[in-house]
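What follows is each chain in one-letter form.
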Protein chains: 2
Amino acid sequence: MSLFAPQSVRSNLFDRDQSNVDPDDILQRSWNRVDEAEQKVQAFTCLSNKTHSAAQGPLAGIAVGVKDIFDTHDLPTAYGSEIYQDNQPKVDAAIVAMLRSKGASIIGKTTTTEFAFFKPTKTKNPNNLDYSPGGSSAGSAAAVAAGMVTAAIGTQTGGSMVRPAAFCGVAGFKPSYRILPTTGMKYFAQSLDTAGTFAKSVADVATFTSLLTDRDLEIEELNPSDIRIGIYKNDILSEASDDMIAAFKQAAKAAETAGFKLVNLDEPAELKTAHELHSTIQCFEAAQALGPEFARYPDLLSDKIKEAINEGMAITPAEYDNARRSAKNARRKTHSLYDDVDVILTPSAPGAAPKGFATTGVATFNKLWTLMGSPCVNIPAFRDGNNMPLGIQAVGKFGRDKQTLSIAHALQATFEKSA
Amino acid sequence: MSLFAPQSVRSNLFDRDQSNVDPDDILQRSWNRVDEAEQKVQAFTCLSNKTHSAAQGPLAGIAVGVKDIFDTHDLPTAYGSEIYQDNQPKVDAAIVAMLRSKGASIIGKTTTTEFAFFKPTKTKNPNNLDYSPGGSSAGSAAAVAAGMVTAAIGTQTGGSMVRPAAFCGVAGFKPSYRILPTTGMKYFAQSLDTAGTFAKSVADVATFTSLLTDRDLEIEELNPSDIRIGIYKNDILSEASDDMIAAFKQAAKAAETAGFKLVNLDEPAELKTAHELHSTIQCFEAAQALGPEFARYPDLLSDKIKEAINEGMAITPAEYDNARRSAKNARRKTHSLYDDVDVILTPSAPGAAPKGFATTGVATFNKLWTLMGSPCVNIPAFRDGNNMPLGIQAVGKFGRDKQTLSIAHALQATFEKSA
């Protein structure tokens with residue numbers, strides 16, 4: 001059974017440009033879709049009061065889901081953890097206050113894996129309810145895919161935005177590090193934790209993030225012949241499924257046919273090293289960030305997260321410092337790659353969503369870029385033999401979020417034509 | 001009236017090396033000193049239960065004060081704000097859990113200015129109760145100066161550790177960015193907020209921080225003739241008092257006499273620019289971090305903090321991004337300064353503590369280095385005509401915290417001989 005939203009439900013962000021559209025009507029459409037889909041998809045941990053009318057502002061009428069890793073003053077916030085089942089924050093997270101100030105309607109908190117790590121949530125993939133939506137931003141990606149919200153907020157420490165976006169067939173945008181504020185989120189690994197946005201298309205995600213932040217991130221028209229696309233080749237490509245390899249080749253071919261310049265990029269040694277050191281930084285910081293929970297409530301933590309904390313506690317400060325130094329070197333190297341390309345293309349994940357709910361998948365294709373602080377966009381376009389989405393990831397230069405989104409948008413149109 | 005602790009009270013950290021010392025006795029000494037001094041100094045927002053005996057671990061018996069900007073599961077946490085007067089966190093901040101795991105006794109929460117910004121606390125300077133202890137880590141510096149705790153935890157976003165350490169005549173150590181975890185603190189400007197430590201001497205602060213973090217930060221013996229000291233010259237020196245200028249000259253002369261090599265450093269243009277852009281980054285991030293409080297509880301915020309938030313809200317994302325880029329350039333330039341010097345010396349503040357309690361002083365001499373992420377140490381040694389402490393700041397290369405502490409320790413001995 002598919003609850004993937006039909007096109008008519010997806011486009012409510014751009015509907016707002018039509019002056020005769022009432023924000024309350026747009027908001028009501030999202031609530032109607034919640035009535036249709038939520039019981040099956042289970043994207044939310046809790047919903048707000050349906051009787052609230054739309055607020056004022058550039059995001060008036062836009063229904064938004066916020067990952068339950070962010071504090072909300074009016075909705076309980078559990079961080080996906082049994083420890084926080086009764087937790088009611090006093091104030092919002094910074095990004096939640098930003099949403100409200102722009103007139104968005106936060107219609108609910110979306111599910112997160114435990115502390116945004118790997119323990120699966122109750123959420124189902126709207127494309128096929130027998131499949132995982134991915135994680136950790138499971139509910140945010142699924143709520144957008146099902147058309148229950150126009151946009152959603154998530155976070156990524158490894159691949160927690162790009163992966164669920166890919167699995168659910170929506171656009172996911174992990175901006176450059178610190179473009180969106182993270183204060184008021186429950187941190188896992190603070191030098192990696194990055195807030196981001198989901199919407200149905202790359203264009204929608206760009207518009208939504210622009211309106212939210214007052215940043216100019218709107219799509220600009222590009223001439224494909226001006227754009228150099230780096231086709232990134234590294235060892236982990238061997239972990240991709242046949243369907244993904246085929247989609248990745250199709251993506252490259254479609255881009256070339258459309259006039260984009262393709263550049264083959266072999267993974268530099270510095271980036272291979274950084275990829276391997278992501279978990280050193282993540283686990284060391286997680287052991288500190290969740291050390292308090294580990295000390296007080298060990299029985300309320302999953303084995304998987306205790307394993308990561310124990311791993312982090314065994315890492316010496318010298319090993320952590322060395323990993324930070326390697327990451328810094330790799331960032332410098334990454335920077336220089338963009339002398340030859342405008343965007344780097346990789347698979348968003350090794351394949352389509354896993355069947356069943358034992359795992360949310362892996363962050364293999366994402367964690368390097370999170371560590372680099374690079375803007376990453378999941379481009380939804382392709383599907384595998386089971387009609388499950390396959391995502392292609394565009395990775396831009398740090399700080400070039402607008403350009404990255406613009407190229408990703410052009411590529412989305414190109415891929416869709418070829419798909 | 002001076003409640004500055006006599007030498008006999010100061011040295012309890014190193015007493016522990018004597019195998020016949022009982023941790024409970026050391027802890028009791030701190031409590032005795034609390035009985036003598038706290039009513040006058042008012043360094044604490046709340047105290048823990050005096051009947052707790054010392055825990056196990058490398059910091060057993062060590063009384064520690066924790067700035068009330070960090071969450072504690074067993075003591076109320078108000079962040080210096082009226083908004084949080086009834087706030088009782090569920091778990092500790094990461095650094096608090098670290099303290100406990102090492103056996104330290106957290107005997108109380110120390111006062112902080114409102115959200116670690118500028119609104120003065122009730123705390124008095126132990127050297128003379130008519131003077132400000134500085135801020136924002138007012139209570140932490142004063143509690144150490146009065147000998148009520150062996151060590152204390154603070155934070156610095158501009159000059160909130162080095163300044164109060166200087167005013168109170170104790171050692172303050174703001175490590176390289178992200179050496180100490182900040183999760184579970186109330187953020188003001190997250191890319192600047194840095195946790196640090198206070199103790200009576202540079203040697204004590206190094207020992208304490210080593211034992212706390214399992215990092216090798218212990219003082220190593222140095223040959224002065226191997227050490228190059230940069231005497232930093234910039235426009236803001238004109239803001240220093242005559243007493244401070246004299247102390248700074250005396251410091252340079254004492255170092256030279258002791259055999260250190262002096263190198264004159266004129267402030268590079270990149271660093272002058274970064275100094276000026278600190279407040280752009282600070283206010284932009286503060287407007288996001290405290291946006292939720294500003295939206296919900298404007299009447300419970302001071303005018304000063306509302307002014308900073310309003311200023312931050314008027315800064316465009318493009319201005320913020322430009323400031324970040326300038327800071328990055330300046331960090332690269334700062335890095336290169338250490339080709340010629342091992343440590344940079346500047347005044348810790350424009351002069352001694354202000355008389356009265358209208359202001360906690362200014363961060364003029366500190367904020368550049370916080371933005372650079374550099375390790376900074378206040379070296380207590382000199383006093384002005386009113387017998388109030390004057391601090392000299394040692395600024396090391398990013399990541400060279402051990403070397404910075406070792407040089408600062410050698411300089412402290414040198415300055416004390418000359419004072």
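**Q** What should I look at first to understand the pattern of salt bridges in this one?
**A** Two side chains carrying opposite charge are able to pair once their charged atoms lie near each other. Considering all chains together, one arrives at 26 salt bridges over all chains under this definition. For the salt bridge of R215 of chain B with D321 of chain A, the shortest nitrogen-to-oxygen distance reads 2.6 Å. Residue R215 of chain B is found in the loop between helix 7 (202-213) and strand 7 (228-233), and its partner D321 of chain A is found in helix 12 (residues 317-337); the two belong to separate chains. A single burial state applies to R215 of chain B and to D321 of chain A, both of which are buried. Salt-bridge contacts for D74 of chain B lead to R100 of chain B; the nearest nitrogen and oxygen are separated by 2.9 Å.

**Q** Sorry if this is basic, but what is going on with the relation of the copies chain B and chain A here?
**A** Superposing the two chain copies requires a rotation about an axis and a translation along that axis. Overlay of chain B on chain A (RMSD 0.0 Å): rotation 180°, translation along the axis 0.0 Å. Put plainly, the chains are arranged around a two-fold axis. Both copies contact each other with a shared surface, as 100% of the interface residues of chain B are interface residues in chain A too.

**Q** For this particular structure, what's the right way to read the pairing of strand 10 (residues 376-383) of chain B?
**A** Residues and elements named next belong to chain B. Among the 8 residues that make up strand 10, 6 are buried, leaving the element largely enclosed by the rest of the structure. In terms of strand pairing, strand 5 (residues 171-174) meets strand 10 through 3 bridges, oriented antiparallel. Across the sheet, residue G172 finds its bridge partner in strand 10, namely N378. Relative to strand 11 (residues 389-395), strand 10 runs antiparallel, the two being bridged by 7 bridges. Within strand 11, the residue paired with C376 across the bridge is V395. Counted between consecutive antiparallel strands, the loop separating strand 10 from strand 11 contains 5 residues, among which N387 sits at a positive phi close to 65°.

**Q** Would you mind showing me how to read the packing of helix 8 (residues 242-257) of chain B against helix 14 (residues 401-418) of chain B here?
**A** Working note: a packed helix pair is described by the angle between its axes plus the distance between those axes. Residue and element names in this part refer to chain B. The contact between helix 8 and helix 14 brings their axes to 9 Å, and the two run at 110°. Our classification of the angle between helix 8 and helix 14 gives roughly perpendicular. Residues Q250, A251, A254 and A255 of helix 8 lie in contact with helix 14, whose contacting residues are L411, T414, F415 and S418. Residues belonging to the contact of helix 8 with helix 14 are distributed by class as follows: 5 nonpolar, 3 polar and no charged.

**Q** What is the right way to look at helix 4 (residues 94-101) of chain B in this model?
**A** For an α-helix, the turn length of 3.6 residues means that residues three or four places apart are oriented alike. All names here are of chain B. Among the 8 residues that make up helix 4, 6 are buried, leaving the element largely enclosed by the rest of the structure. Regarding helix 4, the residues found buried are A94, I95, V96, A97, M98 and L99. Within two residues after helix 4, G103 carries a phi angle of roughly 90°, on the positive side.

**Q** I tried to follow the nonpolar core on my own but got confused; where do I start?
**A** Generally speaking, nonpolar side chains in soluble globular proteins are found buried as a group. By size, the foremost hydrophobic cluster in this structure holds 130 residues, and its most contacted members are F70 of chain A together with F70 of chain B. There are two domains that each give this core at least three residues, and those are domain 1 (7-224) and domain 2 (269-329) of chain A. Ignoring any residue separated from it by four or fewer positions in sequence, one finds F70 of chain B in contact with T77, A93, I95, V96, K109, I153, G154, T155, G184, M185 and A195 of chain B.

**Q** Can you walk me through the side chain of K200 of chain A in this structure?
**A** Structurally, K200 of chain A is set in the loop between strand 6 (194-199) and helix 7 (202-213). Although K200 of chain A is buried, it forms no salt bridge, and the closest oppositely charged side chain is D204 of chain A at an N-O distance of 8.5 Å.

**Q** Would you mind going over the domain arrangement of chain A with me for this structure?
**A** It is common to report an interface's size as the accessible area lost on association of the parts. Residue and element names in this part refer to chain A. Each assigned domain of chain A is listed here: domain 1 (7-224) and domain 2 (269-329). Look at where the C-alpha atoms of domain 1 and domain 2 centre, and you get two points 27 Å apart. Contacts between the two partners involve 17 residues from domain 1, matched on the other side by 15 residues from domain 2. Across the domain 1/domain 2 interface, buried area totals approximately 1400 Å², and carbon plus sulfur atoms make up 67% of it. Sorting the residues of domain 1 by area buried against domain 2 places I83, F117 and F188 first, and these three jointly supply 39% of that buried surface. Put simply, domain 1 and domain 2 have 1 salt bridge between them. One salt bridge in this structure joins E293 and K186, with 2.6 Å as the shortest N-O distance. Here domain 1 is connected to domain 2 by 7 residue pairs in polar contact (both at pLDDT 80 or more).

**Q** So what exactly am I meant to see when it comes to the interface of chain B and chain A here?
**A** Facing the 37 residues of chain B at the interface are 37 residues of chain A. Carbon and sulfur atoms make up 53% of the area that chain B and chain A hide from each other, which totals about 3100 Å². Where chain B touches chain A, the interface holds 4 salt bridges. When the shortest N-O distance is used, the salt bridge between D86 of chain B and K90 of chain A registers 3.7 Å. Class assignment of the residues belonging to the side of chain B that touches chain A gives a composition of 17 nonpolar, 8 polar and 12 charged.

**Q** I'm lost on the environment of F382 of chain A in this one. Help?
**A** All names here are of chain A. Among the secondary structure elements, F382 is positioned in strand 10 (residues 376-383). Residue classification places F382 among the buried positions, given a relative accessible area of 3%. For F382 and R331, which are 51 residues apart along the polypeptide, the C-alpha to C-alpha distance reads 30 Å. Non-local contacts of F382, meaning those with residues more than four positions away in its chain, are made with A247, Q250, A251, M388, P389, L390, I392, F415, S418 and A419.

**Q** Even after reading the chapter, I still don't get the packing of aromatic side chains, so can you show me in this structure?
**A** When we look at a pair of aromatic rings, we describe it by the centre distance and by the angle of the planes. All names here are of chain A. In total, this model carries 15 aromatic pairs over all chains according to the counting rule given. Aromatic side chains Y79 and Y84 sit 4.8 Å apart centroid to centroid with 70° between the ring planes, which places their arrangement in the edge-to-face category. Here F382 and F415 contribute two aromatic rings whose centre-to-centre distance is 5.2 Å and whose plane-to-plane angle is 35°, an arrangement assigned as tilted. Here F415 lies in helix 14 (residues 401-418) and F382 lies in strand 10, a separation of 33 residues in the sequence.

**Q** Looking at this structure, how should I read the sheet that holds strand 9 (residues 343-347) of chain B?
**A** Sheet strands line up and pair through hydrogen bonds in the backbone, either parallel or antiparallel. Residue and element names in this part refer to chain B. One open sheet accounts for 11 strands, arranged 1-3-2-4-6-5-10-11-9-7-8; its pairing is mixed. In this open sheet, the two strands that pair with only one neighbour each are strand 1 (44-47) and strand 8 (261-266). Each strand of the sheet is rotated relative to its neighbour by a mean of 30°, with strand direction disregarded.

The rules behind the values
- Residues numbered from 1 in each chain as written.
- Chains lettered and ligands numbered in written order.
- Predicted model: local features only at pLDDT ≥ 70, side-chain atom pairs only at ≥ 80, totals over all residues.
- Heavy atoms only, no water.
- Salt bridge = Lys/Arg side-chain N within 4 Å of Asp/Glu carboxyl O.
- Helix = DSSP H or I, 4+ residues; strand = E, 2+ residues; numbered from the N terminus.
- Buried < 20%, exposed > 50% of the residue type's maximum accessible area, 1.4 Å probe, protein only.
- Least-squares fit on C-alpha atoms with pLDDT ≥ 70 in both.
- Contact = heavy atoms within 4.5 Å.
- Pairing = 2+ DSSP bridges.
- Axes fitted to C-alpha atoms, helices over the stretch in contact; angles between N-to-C directions.
- Parallel < 35°, antiparallel > 145°, perpendicular 65-115°, else oblique.
- Nonpolar A, V, L, I, M, F, W, Y, C, P; charged D, E, K, R; others polar.
- Core = buried A, V, L, I, M, F, W, Y, C linked by side-chain atoms within 4.5 Å.
- Domains from an automatic or database assignment.
- Lys, Arg positive; Asp, Glu negative; His and termini not counted.
- Buried area = accessible area lost by both parts, 1.4 Å probe.
- Polar contact = N/O pair within 3.5 Å; in protein donor to acceptor, adjacent residues only side chain to side chain.
- Phe/Tyr/Trp six-rings, centres within 6.5 Å; stacked < 30°, edge-to-face > 60°.

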